[in-house]
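Overview (structure and organization)
If you want the building blocks of each chain, they are given just below.
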Amino acid sequence: MKFSKSLTENIETAVALFPIHKSFDLITREISFGNLNGYFIGINGFCNQELLQRLFSDLQNPSFFSSLSTGGLEEFIARRIGYSQVKLVYDWDTLTKNVLSGPCALLIDGFSSAIIIDTRSYPARSIEEPENEKVMRGSKDGFVETLLYNTNMIRRRIRTPKLTFELLSVGSESKTDVAIAYLDGIAQDDLIVKVKDKLSSIRVTSLTMGTKSLQELLFPHKWYHPLPSFFLTERPDVACSYLSEGYILLMVDTNPSALVLPCSIFQFTQSPEDYYKTTPNGNYIRLIRFACIFLSLLLLPTFLLLSSNPQYLPEGITLLPTGELSKVRLFIYVLFAELLLDLFKYSSSHTPGGFSGSLAIVGGLLIGDVAVKLQWASPEIIFYASATVLASLSLSSIEFSDGIRIYRLFLILCTGFFQLWGYLLGIFLILLSLCTTPSFGGRSYFWPLVPFDWQALKTLLFRTPAAKAQPTQIRHSPAVTSKHKEPSS
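Residues numbered from 1 in each chain as written. Predicted model: local features only at pLDDT ≥ 70, side-chain atom pairs only at ≥ 80, totals over all residues. Heavy atoms only, no water.

1. Some remarks on helix 2 (residues 49–59)
As a reminder, the rule being used: Accessible area is worked out with a 1.4 Å probe on protein chains only. A residue is then buried under 20% of its type maximum, exposed over 50%, and partly exposed in between. Secondary structure is summarised from DSSP: a helix means a run of H or I of at least four residues, a strand means a run of E of at least two, and numbering begins at the N terminus for each. The arc refers to the directions leading from the helix axis to the C-beta atoms. Contacts between residues were defined by any pair of non-hydrogen atoms, one from each residue, lying within 4.5 Å.
By the burial criterion, the buried members of helix 2 are L51, L52, L55, F56 and L59. Along the long axis of helix 2, the arc covered by the buried residues comes to 125°, so they all point the same way. Exposed residues lying more than 90 degrees from the buried face of helix 2 are E50, Q53 and R54. Packed against the buried residues of helix 2 are strand 1 (26–33), strand 2 (36–43), helix 3 (73–80), strand 4 (104–108) and strand 5 (114–117).

Following this line, the structure appears as structure tokens:
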């Protein structure tokens, strides 16, 4: 809907579109600039009051309008508004979107357009290190809920004109800002087009849960794929490292994280802590993390299988010294221990920080001891279950760790009901689920293992020195990945 040249008609339209007389946070004011009448619309809390006062004080100065010619709003802006972030809009839809996003609007009598003045100042928390991606050394900053702050933290680290942030709006009601970040000429053009098309085709009222809602809308997951198809980070340094390798980031306003596209399973084995240690120490920690993936998945189901079938073990090796538990009771005890430790894990994560550590330690010791005395578990079961939880906690990605937990529960159930054949069938189905886990853009979830690229794979398996870990581009085509070149020093 276009503007009218009559200010009175524009005010009536504004009252019909906005809850001006109902919502207390809407600021409106009729104002005069010399011989011109205007109408101001803004949102309290988003507008920088001091800046607006200076602008309007200059505009209302009588000497300011002594030689004003009403040749158009373009001339009015060029001659009278000495502020950089000003633009004209020509319809009510654009004005509504801008005002609800934070900028304020100024309607002038006699003109069929409106002035948008971007003086917004969003409320934001202080920048601090992400709780789930802490490092002992290195930067201590992390993304916050304000999109502009997040782009500034990336721009501060990557000072190249190739760095591009394209802004799109998602949600018919929320109109949430989503930024597509990439390095022009390094990121794949066809993948950028796919991301834009996918975002433009989303039909939803609002992104209720921010980044998580965007994940599910971009790539709906099947129930038999518990592992995430998107890598998420809250650290600007990690996000910048992916940008320099040719990946694409999606950043949602009001959400302190960035989605990395495309995604492979090897991304979840990385941690920024590896690169803040020496090369041998970083390799050692990374190999431990790789081993913890298999321990988290297989340790407890394998213990259940071998304890229920001691004939599979060499003579003289026992996992349950008593040997008194039946297969059914052992299966129930293992399942009980698994669910109990998950309960501790989630209860401590939702407990205030001052109590979570004490709750986890005291509760684990107390209930574990009581469970053994009541013969609801054995010390061996408690030990293997605890080792499994420790292996899960060593994984840097919570979503990846939760996906492994679902696989582990499934494998425990298969082993408990069908013993050896259930164990083997469960592993086969897990491998099938892993191999069919989708990734955005049709890329392989197991890149660079499938398709095989040793130069890229070795940089993921091993922590290499900085001089040898400078990839110029991650992917050249959907099927063939680029080689990680070693630049001359």
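2. What to know about the sheet that holds strand 8 (residues 231–233)
The condition is simple: A pair of strands is considered paired only if DSSP assigns at least 2 bridges between the two. Axis definition: a line fitted to C-alpha atoms, limited for helices to the stretch in contact. Angles are taken between N-to-C directions and run from 0 to 180 degrees.
With antiparallel pairing, the 5 strands of this open sheet are ordered in space as 6-7-9-10-8. Of all strands in the sheet, those with a lone pairing partner are strand 6 (163–170) and strand 8, marking the two edges. Averaged over all adjacent pairs, the angle separating strand axes in this sheet is 25°, with direction ignored. Pairing analysis gives 4 bridges linking strand 9 (residues 248–252) to strand 10 (residues 258–261), with the strands arranged antiparallel. The residue bridging L250 from the neighbouring strand is L259, located in strand 10. Across the sheet, helix 5 (residues 147–157) is in contact with strand 6, strand 7 (176–183) and strand 9; its angle to strand 6 comes to roughly 165°.

3. Considering the packing of helix 9 (residues 279–308) against helix 13 (residues 398–435)
Note the following rule: Any angle that falls under 35 degrees is termed roughly parallel, while one over 145 is termed roughly antiparallel, one within 65 to 115 roughly perpendicular, and all others oblique. Crossing chirality is assigned from the near helix's rotation relative to the far helix, an anticlockwise turn below a right angle marking it left-handed and a clockwise turn marking it right-handed. Following the grouping adopted for this structure description, the nonpolar residues are Ala, Val, Leu, Ile, Met, Phe, Trp, Tyr, Cys and Pro, the charged ones are Asp, Glu, Lys and Arg, and the polar ones are all others, Gly among them.
Helix 13 packs onto helix 9 with a crossing angle of 25° between their chain directions and a minimal axis gap of 9 Å. One element, helix 9, and the other, helix 13, form an angle in the roughly parallel class. Judged by the sense of rotation from one axis to the other, the crossing of helix 9 with helix 13 is right-handed. Considering only residue class, the contact of helix 9 with helix 13 consists of 16 nonpolar, 6 polar and 1 charged.

4. Focus on the packing of aromatic side chains
The condition that has to hold: Only Phe, Tyr and Trp rings take part, Trp by its six-membered ring, and two of them pair if their centres are within 6.5 Å. Stacked means planes under 30 degrees apart, edge-to-face means over 60, and tilted covers everything else.
Counted according to the given criterion, the structure contains 13 aromatic pairs. Seen in terms of ring centroids, F303 and Y384 are 4.5 Å apart; in terms of plane orientation they differ by 25°. Their pairing is stacked. One end of the pair, F303, is in helix 9; the other, Y384, is in helix 12 (residues 379–393), with 81 residues separating them in the sequence. A residue is classified by how much of its surface remains accessible, and F303, at 2% relative accessible area, is buried. The interplanar angle of 85° and the centroid separation of 6.1 Å between the aromatic rings of Y445 and F446 together place this pair among those described as edge-to-face. Residue Y445 shares its accessibility class with F446, and that shared class is buried. A network of ring pairs unites the aromatic residues F231, Y242, Y247, F268 and F400 as a single cluster.

5. Digging into the pattern of salt bridges
For clarity, the cut-off: A carboxyl oxygen of Asp or Glu within 4 Å of a side-chain nitrogen of Lys or Arg is what we treat as a salt bridge.
Per the stated rule, a full pass over the model turns up 12 salt bridges. The residue D141 makes a salt bridge to R157 at a minimum N-O spacing of 2.9 Å. Of the two residues, D141 is situated in the loop between strand 5 and helix 5 and R157 in helix 5; the sequence distance between them amounts to 16 residues. Since its relative accessible area comes to 15%, D141 is described here as buried.

6. With respect to unusual backbone geometry
A cis geometry characterises the amide bond from L261 onward to P262, with omega recorded as -10°. Between V450 and P451 the backbone carries a cis peptide bond, its omega angle lying at -5°. Backbone geometry at T254 places phi at a positive 75°, although glycine is not the residue there. By secondary structure assignment, the location of T254 is in the loop between strand 9 and strand 10. We note that Q419 has phi near 55°; this positive angle belongs to a residue other than glycine.

7. Observations regarding the sheet that holds strand 3 (residues 86–89)
With antiparallel pairing, the 5 strands of this open sheet are ordered in space as 1-2-4-5-3. For this open sheet the edge positions go to strand 1 and strand 3, each flanked by a neighbour on one side alone. Between one strand axis and the next, the sheet turns by 25° as a mean value, whatever way the strands run. Where strand 1 meets strand 2, 8 bridges bridge the pair, whose relative direction is antiparallel. Residue pairing across strands places T28 opposite I41, the latter belonging to strand 2. Contacts from helix 2 reach strand 1, strand 2, strand 4 and strand 5, with the element oriented near 20° to strand 1.

8. Quick look at the environment of E173
Relative to the helices and strands, E173 is located in the loop between strand 6 and strand 7. Residue classification places E173 among the exposed residues on the basis of a relative accessible area of 64%. Taking the C-alpha atoms as reference points, E173 and T205, separated by 32 residues in sequence, lie 5.1 Å from one another.

In short, shape yes, function no, at least from these values alone.
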